[in-house]
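Working through the structure, step by step
One letter stands for each residue in the lines below.
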Amino acid sequence: MVPLKHRLRWVLSALAAFLLAQLVWTFFTNPQWRWNVFAEYFFNDAVLRGVWLTLWLTAVSAVIGFALGAVLALARLSGSALLNSFAWGYIWFFRSVPLVVQLVLWYNLGYLFPTLGIGWPFTYDFWVVEFNTVQLISASAAAILGLSLHQAAYSAEIIRGGLLSVDQGQIEAAKALGIPRRRRFFRIVLPQAARAILPSAFNEVIGLLKGTSVVFIVALPELFYTVQVIYNRNQQVVPLLLVATVWYTIFTSVLSVIQFTIERHFARGSARELPPTPLQRARRALRRLAGGGGRARRDLASAPLPASSVAAITASQR
């Protein structure tokens, strides 16, 4: 069998390798990267505090956003016209308004409502609990509210799409067998829906991690805001931006590994053979490279000889 010649693939691979080599070369030869400044500020105390605040905002907002998004997704799938309309209106509104506008609005909520509490409906007379809104809605609270409510709108559609991807025939078969609704959802629907939900859900979490940089608008010292403050003082813009870039890259890489592990776990019921890990792929590639020559020689030795060659060998032996 004659192997195919993938000329275009080789050309594109060579071009990609050249661009990567060119980028790496600039990292080591261009003094404007200021790697000494990068090393000085990478583990700076202020930067590390910004890193932890970024992680905290991401974790809290993701948990609240996906929990609320699950409720909204179930409301969108319910038979109640009121719940369906409310969930649709929520999703429409929070996907329509930019996140920056939402953060500023939550931070300035005290302008609209100086006090909040429990009182008579359609009045501003509070008789049980009364809070000063300016003190209640701090920069951290505004950031969590804005990020969580914004994320819930997108999470709801992701979860709804995953639930709708499950074959309705399986649900009807489970109903015919008399399986309770709770067990149907957690043992049949959810494991299959998770395969469709997980890639988009992790995509949203990664986007949320990078989206926390928007909270600089309320002067919250997360990673990007901290880097901005530092390079506004020392004018070392590129090295400080590189510090933020590397930290974000580390976090997104960790999330990608977690995503691959969880997706591999849920693939056990749908794939006969689990997708190989990067380490397994590397081992297989090394085995192919190491055994390529020997395998080719074995294939050549085991290949049947043409009839003319057999006749020539027989005549020579006579």
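The rules behind these values
- Residues numbered from 1 in each chain as written.
- Predicted model: local features only at pLDDT ≥ 70, side-chain atom pairs only at ≥ 80, totals over all residues.
- Heavy atoms only, no water.
- Helix = DSSP H or I, 4+ residues; strand = E, 2+ residues; numbered from the N terminus.
- Buried < 20%, exposed > 50% of the residue type's maximum accessible area, 1.4 Å probe, protein only.
- Contact = heavy atoms within 4.5 Å.
- Areas by Shrake-Rupley, 256 points an atom, 1.4 Å probe, with all protein chains shown as cover.
- Phe/Tyr/Trp six-rings, centres within 6.5 Å; stacked < 30°, edge-to-face > 60°.
- UniProt positions renumbered as here; feature names shortened; annotations may be inferred.
- Arc of directions from axis to C-beta.
- Core = buried A, V, L, I, M, F, W, Y, C linked by side-chain atoms within 4.5 Å.
- Salt bridge = Lys/Arg side-chain N within 4 Å of Asp/Glu carboxyl O.
- Axes fitted to C-alpha atoms, helices over the stretch in contact; angles between N-to-C directions.
- Left-handed = near helix turned anticlockwise from the far one by under 90°.
- Nonpolar A, V, L, I, M, F, W, Y, C, P; charged D, E, K, R; others polar.
- Patch = residues over 30% accessible without salt bridge, like charges linked within 9 Å, V, L, I, M, F, W, Y side chains within 5 Å.
- pLDDT = per-residue confidence, 0-100.

Scanning the chain from terminus to terminus reveals 14 helices and two strands. Residues counted as buried form 30% of the 318 residues belonging to the chain. Of all intrachain contacts in the chain linking residues separated by at least 6 positions in sequence, the fraction that spans at least 24 positions is 68%. Taken as a whole, the chain presents about 21,300 Å² of accessible surface, with 66% of it coming from carbon and sulfur.

We now examine the packing of aromatic side chains. In this description, an aromatic ring pair is defined by two values, namely the gap between the centres and the angle between the planes. Summed over the entire model, instances satisfying the criterion amount to 14 aromatic pairs. When the centroid spacing of 4.9 Å and the interplanar angle of 85° are considered together, the rings of Phe 42 and Phe 43 count as edge-to-face. Of the residues examined, Phe 42 reaches a relative accessible area of 11% and is grouped as buried.

Okay, the UniProt feature "transmembrane region" (unreviewed entry) in the chain next. Taking the UniProt record as the reference, the feature "transmembrane region" (unreviewed entry) is found at residues 50-75, 87-107, 127-149, 205-225 and 237-262. The annotated region residues 50-75 carries 100% helix and 0% strand content, and the separation between its end C-alpha atoms amounts to 37 Å. Split by type, residues 87-107 is 90% helix and 0% strand. Its first and last C-alpha atoms lie 24 Å apart.

Once that is clear, we can look at helix H2 (residues 35-42). For H2, every residue scored as buried is listed here: Val 37, Phe 38, Tyr 41 and Phe 42. The buried residues of H2 occupy an angular sector of 125° when projected down its axis, which confines them to one face. Looking at H2, the residues exposed on the side facing more than 90 degrees away from the buried face are Asn 36, Ala 39 and Glu 40. Each element contacted by the buried residues of H2 is listed here: helix H3 (45-77), helix H11 (223-234) and helix H12 (237-266).

So, on to the nonpolar core. Core analysis: the biggest nonpolar cluster contains 32 residues, and Val 47, Leu 223, Leu 240, Val 243 and Trp 247 have the highest contact counts within it. When residues of this core are traced back to their parent elements, those giving at least two are H2, H3, helix H8 (139-164), helix H10 (181-211), H11 and H12. Ranked by the residues each element gives to this core, the list is headed by H12, at eight residues. The contacts of Trp 247, once residues within four sequence positions are left out, are Phe 42, Phe 43, Val 47, Leu 48, Val 51 and Leu 223. Counting residues in hydrophobic clusters, the runner-up holds 14 residues, among them Ala 62, Leu 147, Leu 208 and Leu 220.

The next subject is the pattern of salt bridges. Counted by the stated rule, this structure contains two salt bridges. Here Glu 157 and Arg 76 are joined by a salt bridge, their closest N and O atoms 3.9 Å apart. With Glu 157 in helix H8 and Arg 76 in helix H3, this pair connects stretches of sequence that are 81 residues apart. The class for Arg 76 is buried, based on a relative accessible area of 17%. Residue Glu 157 is joined to Arg 160 by a salt bridge in which the shortest nitrogen-to-oxygen separation is 3.0 Å. Pair noted here: Glu 157 and Arg 160 are both in helix H8, with a separation of three residues, about one helical turn. Connected via shared salt-bridge partners are Arg 76, Glu 157 and Arg 160.

Here we take up the packing of H8 against H10. Direction vectors running N to C along H8 and H10 enclose 145°, while the axes themselves pass 8 Å from each other. Regarding H8 and H10, the two cross each other, and that crossing is right-handed. The segment H8 lies against H10, with Leu 147, Gln 151, Tyr 154, Ile 158, Ile 159, Gly 162 and Leu 163 engaging Phe 185, Val 189, Ala 193, Ala 196, Ile 197, Ser 200, Ala 201, Glu 204, Leu 208 and Gly 211. Class assignment for the residues of the contact of H8 with H10 results in twelve nonpolar, four polar and one charged.

On the surface, Leu 8, Val 11, Leu 12, Leu 15, Phe 18 and Leu 19 cluster together to form a nonpolar patch covering roughly 630 Å² of accessible area. With respect to the secondary-structure elements, Leu 19 resides in helix H1 (residues 7-29).

This next bit is on the side chain of Thr 54. For Thr 54, the position within the fold is in helix H3. The exposure class assigned to Thr 54 is buried, which follows from its relative accessible area of 0%. Contacts of Thr 54, omitting those with residues within four sequence positions, involve Leu 209, Thr 212, Glu 222, Leu 223 and Tyr 248.

Moving on, we come to the confidence of the model for the chain. The share of residues in the chain with pLDDT of 70 or more is 86%, and the mean pLDDT across the chain is 84. At the level of individual helices and strands, the chain shows its lowest average pLDDT in helix H14 (residues 307-317), which scores 44, and its highest in H3, which scores 95. Per-residue pLDDT stays below 50 along residues 305-318; that stretch engages in two contacts with residues further than four places along the chain or on separate chains.

Once that is clear, we can look at the environment of Leu 68. One can find Leu 68 in helix H3. It is 9.0 Å that separates the C-alpha atoms of Leu 68 and Gln 151, two residues lying 83 residues apart in sequence. Aside from chain neighbours lying at most four places away, what touches Leu 68 is Tyr 90, Leu 149 and Ala 152.

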